[in-house]
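Topology and contacts: notes
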Amino acid sequence: MKLVDTHVHLCSNRFDNDRSELLSIMSKRFEIVLEVSYSDKSMECARKLADSHSFMYFSVGIHPHDAKTFDSSIKRRIQHFASHTKCVAVGEVGLDFYRDLSPRDVQERVFLEQLSMALDCRKPIILHVRNAYDRILELLKTVDMPGEPWGVVHSFSGEVIHARKFLDMGFYIGVGCPVTYPKNHTLREVVRYVPLDRLLPETDSPYLPPQRFRGRRNDPTKVLYVIEEMSRLKSMNVDEVAEKLRENVRRLFGV
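What comes next is a walk through the structure. The structure presented is a predicted model; accordingly, all values stated were derived computationally and were not measured.

What counts, and where the lines are drawn
- Residues numbered from 1 in each chain as written.
- Predicted model: local features only at pLDDT ≥ 70, side-chain atom pairs only at ≥ 80, totals over all residues.
- Heavy atoms only, no water.
- Helix = DSSP H or I, 4+ residues; strand = E, 2+ residues; numbered from the N terminus.
- Rg over C-alpha atoms; globule rule 2.2 N^0.38 Å.
- Buried < 20%, exposed > 50% of the residue type's maximum accessible area, 1.4 Å probe, protein only.
- Contact = heavy atoms within 4.5 Å.
- Areas by Shrake-Rupley, 256 points an atom, 1.4 Å probe, with all protein chains shown as cover.
- Lys, Arg positive; Asp, Glu negative; His and termini not counted.
- Charge placed at Lys NZ, Arg CZ, Asp CG, Glu CD.
- Core = buried A, V, L, I, M, F, W, Y, C linked by side-chain atoms within 4.5 Å.
- Pairing = 2+ DSSP bridges.
- Axes fitted to C-alpha atoms, helices over the stretch in contact; angles between N-to-C directions.
- Salt bridge = Lys/Arg side-chain N within 4 Å of Asp/Glu carboxyl O.
- Expected span 1.5 Å × (residues − 1).
- Arc of directions from axis to C-beta.
- Disulfide = S-S within 2.5 Å.

1. Details of the overall build of the protein chain
- Each helix and strand in the protein chain was counted, giving nine helices and eight strands.
- Expected size for 255 residues packed as a compact globule is a radius of gyration near 18 Å; at 17 Å, the protein chain falls within 12% of this value.
- Seen along its three principal axes, the alpha-carbon backbone of the protein chain occupies a region of about 45 × 40 × 35 Å.
- The buried share among the 255 residues of the protein chain stands at 57%.
- A separation threshold of at least 6 residues defines the contact pool for the protein chain, and within that pool the share at least 24 residues apart is 73%.
- By element, 46% of the accessible surface of the protein chain is carried by carbon and sulfur atoms, the whole surface being about 11,200 Å².
- In the protein chain, the 38 positive side-chain charges and the 35 negative ones have mean positions that sit 3 Å from each other.

2. Side note on the nonpolar core
- Counting residues in hydrophobic clusters, the biggest one holds 57 residues, and the most contacted among them are Leu127, Phe166 and Ile173.
- Non-local contacts of Leu127, meaning those with residues more than four positions away in its chain, are made with Val93, Phe111, Ile136, Leu140, Val152, Val153, His154, Phe166 and Phe171.
- With 16 residues, the next largest nonpolar core counts Met43, Phe70, Cys87 and Met117 among its residues.

3. Some remarks on the sheet that holds strand S6 (residues 151-153)
- Pairing is parallel in the open sheet, where eight strands are placed in the order S1-S2-S3-S4-S5-S6-S7-S8. Edge positions in the sheet fall to strand S1 (3-8) and strand S8 (199-201), since each of these pairs with one other strand and no more. In this sheet, adjacent strand axes meet at a mean angle of 25 degrees when their direction is disregarded.
- As defined by bridge partners, strand S7 (residues 171-175) adjoins S8 across three bridges and the pair is classed as parallel. Its bridge partner lying in S8, Val175 is registered against Pro201.
- Most of the contacts of helix H2 (residues 40-52) go to strand S3 (residues 56-60), to which it runs at about 160 degrees, and overall it touches strand S2 (30-35) and S3.
- Of the strands in this sheet, strand S4 (87-96), strand S5 (125-130), S6 and S7 are in contact with helix H5 (residues 133-140), which crosses S5 at around 145 degrees.

4. Side note on the environment of Met1
- Assignment of secondary structure puts Met1 in the segment before S1.
- Ignoring any residue separated from it by four or fewer positions in sequence, one finds Met1 in contact with Arg29, Leu224, Val238, Asp239, Ala242 and Arg246.

5. Details of the pattern of salt bridges
- Applying the stated criterion across every chain yields a total of 16 salt bridges.
- Here the salt bridges do not stand alone but share partners, grouping Glu31, Glu243, Arg246 and Arg250 into one network.

6. Points about helix H9 (residues 238-253)
- With 16 residues, H9 should reach 22 Å at 1.5 Å per residue; the first-to-last C-alpha distance of 22 Å fits that figure.
- Along H9, the residues classified as buried are Val241, Ala242, Leu245, Arg246, Asn248, Val249, Leu252 and Phe253. In a view along the axis of H9, the buried residues occupy a sector of 160 degrees, so they form one face of it.
- Of the residues trailing H9, Gly254 is marked for its positive phi of about 65 degrees.

7. Overview of the state of the cysteines
- The tally for this structure, following the rule as stated, stands at one disulfide.
- Disulfide pairing places Cys11 opposite Cys45 at an S-S distance of 2.0 Å. Between Cys11 and Cys45, the S-S torsion sits near -100 degrees, and that sign places the bridge as left-handed. Placement of the pair is Cys11 in the loop between S1 and helix H1 (19-29) and Cys45 in helix H2, with a sequence separation of 34 residues.
- On the basis of relative accessible area, Cys45 is assigned to the partly exposed category, the value being 27%.
- Summary of cysteine pairing: Cys121 is not part of a disulfide, and the nearest cysteine sulfur, belonging to Cys87, is at 7.1 Å.

8. Quick notes on unusual backbone geometry
- Note that the residue after Gly91, namely Glu92, is joined by a cis bond; omega there is 15 degrees.
- In this structure, Glu92 sits in strand S4.
- A cis geometry characterises the amide bond from Ser205 onward to Pro206, with omega recorded as 10 degrees.
- Even without a glycine there, the phi angle at Asp100 is positive, about 50 degrees.
- Topologically, Asp100 is positioned in the loop between S4 and helix H4 (104-120).
- With phi around 45 degrees, Ser155 is a residue other than glycine that occupies positive phi space.

Written as structure tokens, this is what we have:
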């Protein structure tokens, strides 16, 4: 069974000691892995990973934590990298009103600017949303959106009512390893509700490992735990679910 992971950060220094070994293992088990940028510096590393490994692709964008660093120079770099043949998305971008590491008005302005860039270059967007679901939905309503699915809500942590609104707007729902946490009933309810053809699996490595690995570094191979839990919640064969998820990734990111 070939795997896909739509959100990883292998450029993190937490992989410095074994990145090459891990990528070698992944090359045998994965069809598609998406290295997601979050800062100016991470974009170049993401490009290099994608250039060096056939199964790796990348996205470009500035995380809401770093929105205060966004300027014309970074905008030009995003536009430059977005033209790369293996750049398949803009992200991760959005709003984080939990940590508020950038002022909220700056987060909103930078999000809308990057959203406009994604639409201009016809790339799907990868949304980071924390404690800001209602607000980001309000902002998205101000944008003329394409008719086809055009983005994913990464590491979804909202409720069914939010998932319904994102689906209506044409988004996929990204589900990570927190779906395995015993107390995360809300996310499991969301997975049951969302049609399988609008779900995407992810790990957000090195963060948010599955329940049995809590307290340890996460890595893309753990995406299997996400797929298995999706299969259980959908009462479907795991191989069948894995194939449908691969189709979803190909459809959204055009790979």
